[in-house]
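# Secondary and tertiary structure notes
Residues per chain, in single letters:
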Amino acid sequence: MMSIKKQFLKSKPTCKVTFKFEKKADLAPTSVKVVGDFNDWNQETEPMKQLKSGDHTQTIYMRSGSRIQFRYLVNNCIWLNDEDADDFIDAGMGNSEKNSVLQL
């Protein structure tokens, strides 16, 4: 289970986005990263914080009014989408892969 929480700041055109990747019975990751066009798809980005529950969370400030593509990179080898994303778009890889999309 994954979730996304958006909080639009009144003082500036910024949206505080909190990503949560919950531990599952079939997937207990040691590392989860939010990777997307907002960070140039940098796979070396800082991993999400792992909580005592085994869930992972990270808050990222992004520009309001933007449309962000992203995916989760689990254990540096498994790419997953967030079912709570606003939309999904063809990843442009020549296969059926999709990217998650956030409308901010």
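In the block above lies the structure referred to throughout.
Note that this is a predicted model, so its numbers are computed, not measured. (Residues numbered from 1 in each chain as written. Predicted model: local features only at pLDDT ≥ 70, side-chain atom pairs only at ≥ 80, totals over all residues. Heavy atoms only, no water.)

Below, the discussion takes up the nonpolar core. Ranked by internal contacts, the top residues of the largest apolar core, which has 18 residues, are V17, F19, F21, Y72 and L102. Listing elements by their share of this core, those giving two or more residues are β1 (2-8), β2 (14-21), β3 (32-36), β5 (56-63) and β6 (67-74). Non-local contacts of F21, meaning those with residues more than four positions away in its chain, are made with M1, M2, L27, P29, V32, M48, D55, H56, Y72, V74 and L80. (Core = buried A, V, L, I, M, F, W, Y, C linked by side-chain atoms within 4.5 Å. Buried < 20%, exposed > 50% of the residue type's maximum accessible area, 1.4 Å probe, protein only. Helix = DSSP H or I, 4+ residues; strand = E, 2+ residues; numbered from the N terminus. Contact = heavy atoms within 4.5 Å.)

A complete count under the given rule lists 4 aromatic pairs for this structure. Plain terms: the ring middles of F70 and Y72 are 5.8 Å apart, the flat faces sit at 85° to each other, and that makes the pair edge-to-face. Comparing F70 with Y72 shows no difference in burial state: the two are buried. Three or more aromatic residues joined by ring pairs make a cluster, and in this case those are F19, F21, F70 and Y72. (Phe/Tyr/Trp six-rings, centres within 6.5 Å; stacked < 30°, edge-to-face > 60°.)

Once that is clear, we can look at the sheet that holds β2. Here we have 4 strands laid out as an open sheet, ordered β1-β2-β5-β4, and antiparallel in their pairing. Of all strands in the sheet, those with a lone pairing partner are β1 and β4 (49-50), marking the two edges. Alignment of β1 against β2, held across 7 bridges, turns out to be antiparallel. Bridge pairing in β2 places Q7 opposite K16. (Pairing = 2+ DSSP bridges.)

Our next topic: the pairing of β2. The two faces of the sheet receive side chains in turn, since in a regular strand these alternate between them. Hairpin geometry of β1 and β2 is characterised by an intervening segment of 5 residues between the two adjacent antiparallel strands. The pairing of β2 with β5 spans 8 bridges and is antiparallel. Bridge assignment links F19 to a residue of β5, and that residue is Q58.

With that out of the way, let us pick up the pairing of β5. By the alternation rule, side chains of β5 split into H56, Q58, I60 and M62, which are all buried, and T57, T59, Y61 and R63, of which none is buried. In terms of strand pairing, β4 meets β5 through 2 bridges, oriented antiparallel. Across the sheet, the residue bridging to Q50 is H56, located in β5. Adjacent in sequence and paired antiparallel, β4 and β5 are bridged by 5 residues, among which G54 carries a positive phi angle near 95°.

None of the figures reported here should be taken as evidence of function without further support.
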